[in-house]
Amino acid sequence: MSATLYRCRTPTDWLCPCGRVARALKRHDLPVETVRLTRTDRSAVQELTGQGHIPVLDVDEQAIADSKRIVEHLRWRASC
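No experiment lies behind these values; they were computed from the predicted model shown.

Visitor: Account for the pattern of salt bridges, with residues named and values stated.
Guide: Inspection of every chain in the model, using the stated rule, returns three salt bridges. Taking the shortest distance from any N to any O, the salt bridge between Arg7 and Asp13 comes out at 2.8 Å. In this structure, Arg7 and Asp13 share a single accessibility class: buried. Salt bridges sharing common partners tie together Arg7, Asp13 and Lys26.

Quick look at the structure:
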């Protein structure tokens, strides 16, 4: 599995939805490349999803937006 997490620049994993996804990735011990985006430049996410909201997980060339959907997807992958 190749995965890239597009997230905010918040330095901790406890203050935002991006951190919720980062914690879930660690919990499932999944290797992931992290790309931290600024508020003003979210062009990478816009190309993937057509919108500028983060977090976005690009896993096996499938973009998943919204922290709740991403965490749900990770749970599903772990149960397979």
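Visitor: Outline the packing of helix H1 (residues 17-27) against helix H3 (residues 67-79), listing residues and values.
Guide: Running from amino to carboxyl end, H1 crosses H3 at an angle of 5 degrees, the nearest separation of the two axes being 9 Å. Taken together, the axis directions place H1 and H3 in an arrangement best described as roughly parallel. Of the residues in H3, those touching H1 at Pro17, Arg20, Val21, Ala24 and Leu25 are Ser67, Lys68, Ile70, Val71 and Leu74. In terms of residue class, the contact of H1 with H3 is made up of seven nonpolar, one polar and two charged.

Visitor: Run through the nonpolar core, naming residues and quoting values.
Guide: Residues Ala3, Leu5, Val21, Ala22, Ala24, Leu25, Leu57, Val59, Ile64, Ile70, Val71 and Leu74 constitute the largest nonpolar core, which totals twelve residues. Contributing elements (two or more residues each) for this core: strand E1 (3-7), H1, strand E3 (56-59) and H3. If you tally residues by element for this core, the top one is H1, at four residues. Once residues within four sequence positions are removed from consideration, Ala24 is found in contact with Val71 and Leu74.

Parameters at a glance
- Residues numbered from 1 in each chain as written.
- Predicted model: local features only at pLDDT ≥ 70, side-chain atom pairs only at ≥ 80, totals over all residues.
- Heavy atoms only, no water.
- Salt bridge = Lys/Arg side-chain N within 4 Å of Asp/Glu carboxyl O.
- Buried < 20%, exposed > 50% of the residue type's maximum accessible area, 1.4 Å probe, protein only.
- Axes fitted to C-alpha atoms, helices over the stretch in contact; angles between N-to-C directions.
- Helix = DSSP H or I, 4+ residues; strand = E, 2+ residues; numbered from the N terminus.
- Parallel < 35°, antiparallel > 145°, perpendicular 65-115°, else oblique.
- Contact = heavy atoms within 4.5 Å.
- Nonpolar A, V, L, I, M, F, W, Y, C, P; charged D, E, K, R; others polar.
- Core = buried A, V, L, I, M, F, W, Y, C linked by side-chain atoms within 4.5 Å.

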